[in-house]
Amino acid sequence: MSHRHLLTTFAVGLVTAGVATTPALARGGSGGGGQTPAPAPAPSVSTSWCPQDESQLLYTLPDGSTVFANEASGAGCVWVRDYPAGFLRLDHVIVATGWTYVVQSNGEGTNSRVQLQFTETGTGRTVDFRVEFGKTRIG
């Protein structure tokens, strides 16, 4: 497989993994004893800042470059562009309400790494986001 095809396949897998979430199932104990089962946990509120339409998560542009999106752990959604010449660049970001971000690397030089750090302004919590050929790290 070509390097480009591997990256696109990897990106699709990441997008699919981020979009397809499965709720956990609670299991009760066995036997009698009249014990009251523990209450079910409160539903988690998880907002994806990436579009739900898969055609917007991975697409090819007329110049042959591919753009793919990844959720940044609730801090936003990041689109990275893979150029036919073999380098990555930040395409665009949707930042979540209450968050900011700083671009730490935009594929300069030969590393072809896109790296951002998101910061939640109210709490100071940070989310690191990094995409490079063969690696994606979010969290």
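A short tour of the structure in this document, coming up. Residue positions within a chain follow its written sequence, with the count starting from 1. Only residues with pLDDT of 70 or above have their local features reported here, since the model is predicted, and side-chain atom pairs are shown and tallied only from 80 upward, although totals for entire chains, interfaces and linings are computed over all residues. Side-chain descriptors were evaluated using all non-hydrogen atoms of the structure, hydrogens and water having been removed beforehand.

1. Considerations on the overall build of the protein chain
Argument step 1. Only runs of H or I of at least four residues qualify as helices and only runs of E of at least two qualify as strands under DSSP, and these elements are numbered from the N terminus. When helices and strands are tallied, the protein chain shows 1 helix and 8 strands.
Argument step 2. Across the protein chain, helices and strands are ordered from the amino to the carboxyl terminus as α-β-β-β-β-β-β-β-β.
Argument step 3. Considering the protein chain as a whole, with its 139 residues, one finds that 26% of them fall into the buried category.
Argument step 4. Working definition of accessibility: Shrake-Rupley area with a 1.4 Å probe, residue cover restricted to the visible protein chains. As displayed, the protein chain offers around 8800 Å² of accessible surface, 55% of which is attributable to carbon and sulfur atoms. Any residue under 20% of the maximum accessible area for its type is buried, any over 50% is exposed, and the rest in between are partly exposed; the area is computed with a 1.4 Å probe on protein chains only.

2. Thoughts on the pattern of salt bridges
Argument step 1. One side-chain nitrogen of Lys or Arg within 4 Å of one carboxyl oxygen of Asp or Glu is enough to make a salt bridge. In the structure shown here, the tally under the stated rule is 3 salt bridges.
Argument step 2. Of the charged contacts in the structure, one is a salt bridge between Arg-113 and Glu-132, with a shortest N-O distance of 3.5 Å. Of the two residues, Arg-113 is situated in the loop between strand 5 (99-106) and strand 6 (114-120) and Glu-132 in strand 7 (residues 126-132); the sequence distance between them amounts to 19 residues.
Argument step 3. Residue class for Arg-113 comes out partly exposed when judged on its relative accessible area of 24%.

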